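Here's the letter readout for the chains.
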Amino acid sequence: METVQELSAQLANGSTTAVKLAAASLDKIEATKNLNAYISVLNERALQRAKESDERRAAGKAIGPLDGIPVAVKDNMCLEGTRTTAASKILENFVAPYTATAVKKLEEAGAIIVGKTNMDEFAMGSSNENSYFGPVKNPLDESRVPGGSSGGSAVAVASGTVPCALGSDTGGSIRQPAACTGTVGLKPTYGRVSRYGLLAYASSLDQIGPFGVCVKDAATMLNVICGIDEHDNTTSTRPLEDFTQKLDEGVKGKVIGIPAEYFGKGLDKNCKAAIDTMLQNLEKEGATLKEVSLPNISHAVSSYYIIATAEASSNLSRYDGVRYGYRSKEAHKLFDLYAKSRSEAFGKEVQRRILLGSYVLSAGFYDAYYVQAQKVRRLITDDFNKAFESCDVIASPTMPGLPLKCGMNESDPMAVYLSDIYTVSLNLSGLPGISLPCGMAEGLPVGLQWIGKPFGETELLSVAAATEKLNS
């Protein structure tokens, strides 16, 4: 698979054009339709934007490394004039009236959006089997899931239709699909990237981030999409920085934290062996491995699902059959309009999470569940802060094992929930994390997750780049 840098160089030296790249991308999407990675393919729009990119370049006005590069966008981000479905029947025919800030920044940088990618409905899932438009298939092994909820974006990159894509991460939904497909997936610090135009699942946890063929592609994407946004008052006011500046720095002198809680019971032995080998190789390169403790991390999954479902029950209340989206034809009274529209158009997993969220927010259980979960969230954040007093980055598995077999979403939903065990804590604490391959087991990639300090993406990407170099 060619990287952004390779394609950008070809555009610069005239050996290809943006129109040719866009056409090749669209042809590859058609050739890999069996993977079901895309919900909408934007043929005419993409070719027109590519033509404009070529005209800019011919006039000596190319606007950066993404100008003319085909990209894909998860279908929970608005793009004006195109369908934005969140992979749900309730928004099957919704056409966005505006563009999400992160997507707008990509287009302003000259990127060519070729399509909107498939996902778990409203980003609720870890297998990409919860989509109204059908499951996404893993190109490495179609009997296994590609991870969720951003599985479509991960597969779009892994199958070579685009070199990079945007996903969203609420509890691991970028990092986990990256691990399943052998790609690079970055979840930035909460507030680093605007959430304006992202259809909300859990507002205090959601964060947009990039997928790429390599670490440098992810860093290049982050350079473009991050920054303060007047439409999102949770975005950070920190000055912009170049996230590619330390990619060649290496790991000499870096202290890598190894949480005992992440490398014990429950971690597949083959995955552990691959990660241990990589850590030993990094130690040979001059890094220091240091054991750290995250004593409250065992409560992360339960805390996450209480907070996430509570926020989802609130955020999804707007889909009521009145203002936009699906409206039941069987409803003749106001209450029936609400009940029938939502029960007919929301999938099982979305209904399950709305019900759980409403339950934990109810008068009798708010203090017992929601308030307690928020207290645990603070304890987990404090654990990370203390660990980072003695290390620069923290290493962990991305997943407890290899990609799950298709169908486990129905046969063993608890196993699917627990596949996020190593990722949800970063969303609870707002920390940045990146997943990239660190080896193979049973012919499938093993994901290694690097966890960084708040707004420590530059150092995080530097360590990830050193890891990638050793894995090549």
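Rules used in this analysis
- Residues numbered from 1 in each chain as written.
- Predicted model: local features only at pLDDT ≥ 70, side-chain atom pairs only at ≥ 80, totals over all residues.
- Heavy atoms only, no water.
- Helix = DSSP H or I, 4+ residues; strand = E, 2+ residues; numbered from the N terminus.
- Rg over C-alpha atoms; globule rule 2.2 N^0.38 Å.
- Buried < 20%, exposed > 50% of the residue type's maximum accessible area, 1.4 Å probe, protein only.
- Areas by Shrake-Rupley, 256 points an atom, 1.4 Å probe, with all protein chains shown as cover.
- Expected span 1.5 Å × (residues − 1).
- Phe/Tyr/Trp six-rings, centres within 6.5 Å; stacked < 30°, edge-to-face > 60°.
- Pairing = 2+ DSSP bridges.
- Axes fitted to C-alpha atoms, helices over the stretch in contact; angles between N-to-C directions.
- Contact = heavy atoms within 4.5 Å.
- Core = buried A, V, L, I, M, F, W, Y, C linked by side-chain atoms within 4.5 Å.
- Disulfide = S-S within 2.5 Å.
- Salt bridge = Lys/Arg side-chain N within 4 Å of Asp/Glu carboxyl O.
- Parallel < 35°, antiparallel > 145°, perpendicular 65-115°, else oblique.
- Left-handed = near helix turned anticlockwise from the far one by under 90°.
- Nonpolar A, V, L, I, M, F, W, Y, C, P; charged D, E, K, R; others polar.

Side note on the overall build of the protein chain
Then, number 1: Helix and strand counts for the protein chain come out as 16 helices and eleven strands.
Then, number 2: What you see for the protein chain is a C-alpha radius of gyration of 21 Å, in line with the 23 Å of a compact globule of 472 residues.
Then, number 3: Across its three principal directions, the C-alpha atoms of the protein chain cover 70 × 55 × 45 Å.
Then, number 4: Looking at the protein chain as a whole, 59% of its 472 residues qualify as buried.
Then, number 5: Only carbon and sulfur atoms are counted for the fraction: they give 52% of the accessible area of the protein chain, which is about 18200 Å².

A short note on helix α16 (residues 457–471)
Then, number 1: Between its first and last C-alpha, α16 extends 20 Å over 15 residues, near the 21 Å set by a 1.5 Å rise per residue.
Then, number 2: Looking only at α16, the buried set comprises Glu457, Thr458, Leu460, Leu461, Ser462, Val463, Ala464, Ala465, Ala466 and Thr467.

A short note on unusual backbone geometry
Then, number 1: Residue serine 149 is bonded to the preceding glycine 148 through a cis peptide linkage, with omega at 5 degrees.
Then, number 2: The backbone of alanine 86 shows a phi angle near 55 degrees, a positive value even though the residue is not glycine.
Then, number 3: Secondary-structure assignment places alanine 86 in the loop between β2 (70–74) and α4 (101–108).
Then, number 4: A relative accessible area of 0% means that alanine 86 is categorised as buried.
Then, number 5: Within the chain, glutamate 442 stands out as a residue other than glycine whose phi angle is a positive 55 degrees.
Then, number 6: Checked against the element boundaries, glutamate 442 lands in the loop between β10 (433–441) and β11 (444–451).

Quick look at the packing of aromatic side chains
Then, number 1: Under the defined criterion, the tally for this structure stands at 13 aromatic pairs.
Then, number 2: Among the aromatic residues, those joined into a ring-pair cluster are Phe94, Phe122, Tyr319, Tyr324 and Phe346.

With respect to the sheet that holds strand β3 (residues 112–117)
Then, number 1: The eleven strands lie next to each other as β1-β3-β2-β4-β6-β5-β10-β11-β9-β7-β8, forming an open sheet whose pairing is mixed. The two strands at the open ends of the sheet, each matched to only one other strand, are β1 (38–41) and β8 (288–292). Across this sheet, the average inter-strand angle for adjacent strands is 30 degrees, counted without regard to direction.
Then, number 2: Sheet topology places strand β7 (residues 255–259) next to β8; five bridges connect them, and they run parallel. Of the residues in β8, the one forming a bridge with proline 259 is valine 292.
Then, number 3: Here helix α2 (residues 18–31) sits on the sheet in contact with β1, β2 and β3, set at roughly 20 degrees to β3.

Some points on the nonpolar core
Then, number 1: Residues Phe122, Phe384 and Trp450 are the most contacted members of the largest nonpolar core, which totals 137 residues.
Then, number 2: Considering every element that reaches this core, the biggest residue donor is helix α9 (residues 300–315), with nine residues.

What to know about the environment of alanine 154
Then, number 1: The residue alanine 154 is located in helix α5 (residues 151–158) in this model.
Then, number 2: According to the relative accessible area criterion, alanine 154 is buried, its value standing at 0%.
Then, number 3: Taking the C-alpha atoms as reference points, alanine 154 and valine 184, 30 residues apart in sequence, are found 8.6 Å from one another.
Then, number 4: Not counting chain neighbours up to four residues away, the residues in contact with alanine 154 comprise Pro177, Ala178, Thr181, Thr183 and Phe211.

Quick word on the state of the cysteines
Then, number 1: Throughout the structure, instances matching the rule amount to zero disulfides.
Then, number 2: Looking at cysteine 180, it has no disulfide partner, and the nearest cysteine sulfur is the one in cysteine 271, 10 Å off.

Digging into the pattern of salt bridges
Then, number 1: Within this structure, the stated rule accounts for 17 salt bridges.
Then, number 2: In this structure, glutamate 107 engages arginine 45 in a salt bridge whose closest nitrogen and oxygen atoms are separated by 2.6 Å. In this pair, glutamate 107 is assigned in helix α4 and arginine 45 in helix α3 (residues 43–58), connecting sequence segments 62 residues apart.
Then, number 3: For arginine 192, the salt bridge identified is with glutamate 241, shortest N-O distance 3.5 Å. Linking arginine 192 in the loop between β5 (184–187) and β6 (207–212) with glutamate 241 in the loop between α7 (215–225) and β7, this pair joins segments that are 49 residues apart in sequence.
Then, number 4: The partly exposed category is assigned to glutamate 241, whose relative accessible area is 25%.

Focus on the packing of α2 against α3
Then, number 1: Across the interface, α2 lies against α3 with an axial gap of 7 Å and an inter-helix angle of 160 degrees. It follows that α2 is roughly antiparallel to α3 by the angle criterion. Relative to α3, α2 is oriented so that their crossing is right-handed. Two secondary-structure elements touch here, α2 through Ala18, Val19, Ala22, Ala23 and Leu26 and α3 through Asn43, Ala46, Leu47, Ala50, Lys51, Ser53 and Asp54.
Then, number 2: Counted by class, the contact of α2 with α3 contains eight nonpolar, two polar and two charged residues.

Purely geometric numbers; function is a separate question.
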